[in-house]
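# Structure assessment
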Amino acid sequence: MAKLTQAVERKAFSAAIDVALKHINKDREKGLLQIVDLAQKFMGDNFQAAAYDGARKMIQNPDQKWMRYVNRLLDETDPHVAKMTALNLGYQAAFCGTKTIRKMREVHNCNIPWLILMDPTSACNLHCTGCWAAEYGNKLNLTFDELDSIVTQGKELGIYFYMFTGGEPLVRKADLIKLCEKHNECAFHSYTNGTLVDQKFCDDMKRVGNLSLSISLEGFEDTNDFRRGNGVFDKVIAAMDLLHENGLIFGNSVCYTSKNMDAVTSDEFFDLLIEHGSRFAWYFHLMPVGMKASPELMPTKEQREYIYHRIREVRGFEGGKEIFVMDFQNDGEYVGGCIAGGRNYCHINPKGDVEPCVFIHYSGANIREKSLLECLKQPLFMAYRDGQPFNENMLRPCPMLENPELLQKMVHESGAHSTDVEEVEPVEHLCGKCVEYAKEWQGTADKLWAAHPHEQKGYTNYKKK
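Per an unreviewed UniProt entry, the protein chain goes by the name Radical SAM protein and belongs to Roseburia yibonii.

If you want it as structure tokens, here you go:
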């Protein structure tokens, strides 16, 4: 009965989006206000009333920065892609999925994630210096049936958003498109080096409408190609242009280190992304994962404080740049700290090991041996649930990077084992690389947290039993 009701609601929402999108082409302001009304009707208290009012106010000011961003996005995005994004990421994942997930957390008394990140393959067509994923080698794969089973089981729990990493996921792009076709009510997103994007793939993405991309870029040509290989920068720019020309939604993934910080936070870099059609950028702090990691590449406390301010400046309501940027490590206040361990997301590697985080290679459960729900109830994930938040200061969210003693404790007490397939890494070795960093960052983080005006400080996203 619930599935039937959801299908009827989805159909009604789809029809309403069609009407709103038609109005957008005739009267942009009226059409967008209609979409906000529609969102409030269906999403209700998923968002505060002030958020809906703020959206309406912005829509009525066409010269406002983010309104210019929205108008450009609407003008340049393929209509089918725009509709499927609103329908799958908005209605299905954010509304229906969230309601089901909250219920399932109570029913099963465990973390149920909003999204699952999984590695279709360890294979990659590049051999980037220092890439942790490349260390998996080129022999590990989740079969299509296994990927399909994960999504099928996930939907029963309310999970309608799936991300791919690797390896290079587009090595398996035929299977990814097949997955998008079969589960056309889900939203899919793939991290990629961008070099395998071609017109055929763009045509497939437009047809399914429910797949978006994040393309890795580590700086300008010299920096990027030093790590990724000669000519890769030009191939990435060409891929971005092709996606843009085809009206597809994509952004960039940027790993910031002590060496590339200035380049990837410069006005010129943001302007480059915008010029070539990027809509968003994920910024990731380098993590010293693996026996051959280079901890010296981790940003200094001064550099991390700088990017904390810089990202907020760039995405500010006024000024900055017309691109939405997110900092995985420094935006913990908006998501209540660590989101791993199934609280908001988890990671499944190409061997099927279900890990709490893409950077935490320890697990006690494998999707080939247990159901998805059983994997989410593994002792390591339950320890994450019991321990979250790992720090009341949301600028120190991670049980490895900023609180390394906590990850060691959880791994030992849960009996989890290393899932790094190149070389087993004892948790003491991993966390040992973070001890000095955590001490150095603590003073700066505490100063920033005490001074920050954010009104919803603290852990607000999860209600413990």
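What follows covers the overall build of the protein chain. Regarding its fold elements, the protein chain presents 18 helices and 11 strands. Here the C-alpha radius of gyration of the protein chain, 21 Å, is about what a compact globule of 465 residues would show, namely 23 Å. Along the longest, intermediate and shortest principal axes, the C-alpha atoms of the protein chain span 60 × 50 × 50 Å. Counting the 465 residues in the protein chain, one finds 57% classified as buried. The long-range share in the protein chain, meaning contacts at least 24 apart out of those at least 6 apart in sequence, stands at 74%. For the protein chain, the computed accessible surface area is about 19600 Å², with 55% contributed by carbon and sulfur atoms. Distance between charge centres in the protein chain, computed from 54 positive and 64 negative side chains, equals 6 Å.

In this section: the side chain of serine 258. Inspection of the secondary structure assignment puts serine 258 in the loop between β5 (250-256) and α11 (261-264). Among the polar contacts made by the side chain of serine 258, one reaches the main-chain carbonyl oxygen of glutamate 296 at a distance of 3.2 Å. Setting aside anything within four residues of it in sequence, one finds serine 258 in contact with Glu296, Leu297, Met298, Pro299 and Gln303.

This part covers the packing of helix α15 (residues 379-387) against helix α16 (residues 404-414). In contact at an axis separation of 9 Å, α15 and α16 are set at 140 degrees when each is read in the N-to-C sense. Accordingly, the angle class assigned to the pair α15 and α16 is oblique. Of the two elements, α15 crosses α16, and the hand of that crossing is right-handed. Together, Pro379, Leu380, Ala383 and Tyr384 of α15 and Leu407, Met410, Val411 and Ser414 of α16 make up the contact between the two elements. Residues that form the contact of α15 with α16 fall into these classes: 7 nonpolar, 1 polar and no charged.

Now for unusual backbone geometry. Excluding glycine, most residues fall at negative phi; most peptide bonds, likewise, are trans. Across the junction of glycine 166 and glycine 167, the peptide omega takes the value 10 degrees, indicating a cis bond. Structurally, glycine 167 is set in the loop between β2 (161-164) and α7 (173-182). With an omega dihedral of 0 degrees, the bond running from glutamine 388 to proline 389 counts as a cis peptide bond. The phi dihedral of asparagine 109 falls on the positive side, at around 55 degrees, and the residue is not glycine. Among the secondary structure elements, asparagine 109 is positioned in the loop between α5 (79-108) and β1 (115-118).

Moving on: empty space enclosed by the protein. One pass over the structure, following the stated rule, counts 1 cavity of 30 Å³ or more. Within this model, the largest cavity holds a volume of roughly 30 Å³. Lining the largest cavity, in full, are Val289, Gly290, His361, Tyr362, Ser418, Asp420, Glu425 and Leu430. Residue composition of the lining of the largest cavity, by class: 3 nonpolar, 3 polar and 2 charged.

Let us now look at the environment of asparagine 125. Topologically, asparagine 125 is positioned in the loop between β1 and α6 (144-156). With 176 residues separating them in the primary sequence, asparagine 125 and lysine 301 have C-alpha atoms 35 Å apart. Setting aside chain neighbours within four positions, we find asparagine 125 in contact with Glu168, Val171, Asn193, Thr195 and Leu196.

Pairing is mixed in the open sheet, where 9 strands are placed in the order β7-β6-β5-β4-β3-β2-β1-β8-β9. Because the sheet does not close on itself, it has two edges, and the strands there are β7 (324-327) and β9 (354-355). Here β5 runs beside strand β6 (residues 280-285); their pairing, made up of 5 bridges, is parallel. Residue asparagine 252 lies in a different strand from β6, and its bridge partner there is alanine 281.

A few words now on the packing of aromatic side chains. According to the stated counting rule, one finds 20 aromatic pairs in the structure shown. Taken together, a centroid distance of 5.0 Å and an interplanar angle of 25 degrees make the contact between phenylalanine 13 and tyrosine 91 stacked. Remark: tyrosine 91 occurs in helix α5 and phenylalanine 13 occurs in helix α1 (residues 2-26); sequence separation between them is 78 residues. On the basis of relative accessible area, phenylalanine 13 is assigned to the buried category, the value being 5%. One aromatic cluster is present, built from ring pairs that chain together Tyr191, Phe280, Trp282, Phe284, Phe328, Tyr345 and Phe359. The lysine or arginine in question, lysine 178, covers the ring of phenylalanine 144, its NZ or CZ lying 4.2 Å from the ring centre.

Criteria and thresholds
- Residues numbered from 1 in each chain as written.
- Predicted model: local features only at pLDDT ≥ 70, side-chain atom pairs only at ≥ 80, totals over all residues.
- Heavy atoms only, no water.
- Helix = DSSP H or I, 4+ residues; strand = E, 2+ residues; numbered from the N terminus.
- Rg over C-alpha atoms; globule rule 2.2 N^0.38 Å.
- Buried < 20%, exposed > 50% of the residue type's maximum accessible area, 1.4 Å probe, protein only.
- Contact = heavy atoms within 4.5 Å.
- Areas by Shrake-Rupley, 256 points an atom, 1.4 Å probe, with all protein chains shown as cover.
- Lys, Arg positive; Asp, Glu negative; His and termini not counted.
- Charge placed at Lys NZ, Arg CZ, Asp CG, Glu CD.
- Polar contact = N/O pair within 3.5 Å; in protein donor to acceptor, adjacent residues only side chain to side chain.
- Axes fitted to C-alpha atoms, helices over the stretch in contact; angles between N-to-C directions.
- Parallel < 35°, antiparallel > 145°, perpendicular 65-115°, else oblique.
- Left-handed = near helix turned anticlockwise from the far one by under 90°.
- Nonpolar A, V, L, I, M, F, W, Y, C, P; charged D, E, K, R; others polar.
- 1 Å grid on protein atoms, 1.4 Å probe; cavity = no way out; pocket = protein on both sides within 12 Å on 5 of 7 lines; lining within 4 Å.
- Points joined across faces, edges and corners; volume = space filled by probe spheres on them.
- Pairing = 2+ DSSP bridges.
- Phe/Tyr/Trp six-rings, centres within 6.5 Å; stacked < 30°, edge-to-face > 60°.
- Lys NZ or Arg CZ within 6 Å of the ring centre and 35° of its normal.

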